[in-house]
Amino acid sequence: MTKAYIAFLILILLVLLLVSCSTNAKADITPDVSKAKPLSPDEIIVRSLTSMDDIRSFNFKLKHNNGSGTFIDGFLLTDATGHVSASDDLHIETHMLFGNLFVKSGIIKSGTKSFVLNPLTNTWLESDAESSPFGFFNPKSGLKNMLKNATNLQLEYSTKPWYEIVGSISAKSLADIVGSTTANNVTIIFHVNKDNFRISKVEVMGKVTKDDKEDITRTINLSGFNEKQEIHNPNP
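Residues numbered from 1 in each chain as written. Predicted model: local features only at pLDDT ≥ 70, side-chain atom pairs only at ≥ 80, totals over all residues. Heavy atoms only, no water.

Undergrad: Sorry if this is basic, but what is going on with the nonpolar core here?
TA: In globular proteins that are soluble, nonpolar side chains generally tend to be buried together. Counting 43 residues, the largest nonpolar core has Met146, Phe190, Ile199 and Leu222 as the members making the most contacts within it. Among all residues touching phenylalanine 190, those that are not within four sequence positions of it are Ile45, Met146, Leu147, Ala150, Tyr163, Glu164, Ile165, Ile199, Lys201 and Val202. (Core = buried A, V, L, I, M, F, W, Y, C linked by side-chain atoms within 4.5 Å. Buried < 20%, exposed > 50% of the residue type's maximum accessible area, 1.4 Å probe, protein only. Contact = heavy atoms within 4.5 Å.)

Set out below in structure tokens:
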């Protein structure tokens, strides 16, 4: 066996040894994702607060279960859909009951002006924000208050594309959604998207206003984040 052949074999062995060491080194520094520390419910909500602070506009839908709705100035609000713009303008469409009569109404806040759709005449009337029957309604600040003031948070589910966080909250924290409230605590559930920590749904279970049934559930669905929609004066 020639010296050149022996030298060639030694070179091959050295190359194989170097490749093996490099592979082992990479394996040693590769993080084990399965051992990553899971987020606590409080950490998830904190991240959600930060994420929702970056939201300038969104669509929402409010509905009631196990109860007929929320009383507002003699009308019973059964559901509401709408859009909040980046400039905090607001357009809401509502379905309500006036006695046994089913009616539609709504509100538009555009700049410094506020308009209410008269459910009996189907005409838009300009009104002061303070005197408007929906003057209290502010879904953007209402959502922030719910996230900030929820306590006793627990993670119910995390196997789906969202986290389901259950907690407790004072009914007073929902004043921007329902107006005048009671002083008791109720159960609140947040659905938080895992990819961006945005809130997709909030459920509030329990008596929030003096006319509520004890088992009423309010559900708020959120979508259309940062979509641009123009909100105009209905009486130009």
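Now, onward.
Undergrad: Just checking my understanding: could you explain the environment of tryptophan 124 for this structure?
TA: Relative to the elements of secondary structure, tryptophan 124 occurs in strand S7 (residues 124–127). Taking relative accessible area as the criterion, tryptophan 124 reaches 23% and is therefore assigned partly exposed. Counting along the chain gives 111 residues from tryptophan 124 to asparagine 235, while the straight-line C-alpha distance between them is 7.2 Å. Ignoring any residue separated from it by four or fewer positions in sequence, one finds tryptophan 124 in contact with His91, Gly106, Ile107, Ile108, Phe115, Val116, Leu117, Pro234 and Asn235. (Helix = DSSP H or I, 4+ residues; strand = E, 2+ residues; numbered from the N terminus.)

Undergrad: Even after reading the chapter, I still don't get the side chain of threonine 217, so can you show me in this structure?
TA: Inspection of the secondary structure assignment puts threonine 217 in strand S12 (residues 217–223). Classification of threonine 217 as buried rests on a relative accessible area of 9%. Residue contacts for threonine 217: discarding those within four places in its chain leaves Lys63, His64, Asn65, Asn66, Val204 and Met205.

Undergrad: What exactly am I supposed to notice about the pattern of salt bridges here?
TA: Should their charged atoms come close, side chains of opposite charge can pair. For the coordinates displayed, the defined rule picks out five salt bridges. Between lysine 228 and glutamate 230 there is a salt bridge, with the nearest N and O atoms lying 3.9 Å from each other. (Salt bridge = Lys/Arg side-chain N within 4 Å of Asp/Glu carboxyl O.)

Undergrad: So what exactly am I meant to see when it comes to helix H2 (residues 41–53) here?
TA: The periodicity of an α-helix, 3.6 residues per turn, causes residues three or four positions apart to be oriented the same way. Between its first and last C-alpha, H2 extends 18 Å over 13 residues, near the 18 Å set by a 1.5 Å rise per residue. Turning to H2, its buried residues are Pro41, Ile44, Ile45, Ser48, Ser51 and Met52. One side of H2 holds all its buried residues, which, seen down the axis, span an arc of 120°. If you follow the buried residues of H2, they end up packed against helix H3 (139–149), strand S8 (151–157), strand S9 (162–170), strand S10 (185–193), strand S11 (199–205) and S12. (Expected span 1.5 Å × (residues − 1). Arc of directions from axis to C-beta.)

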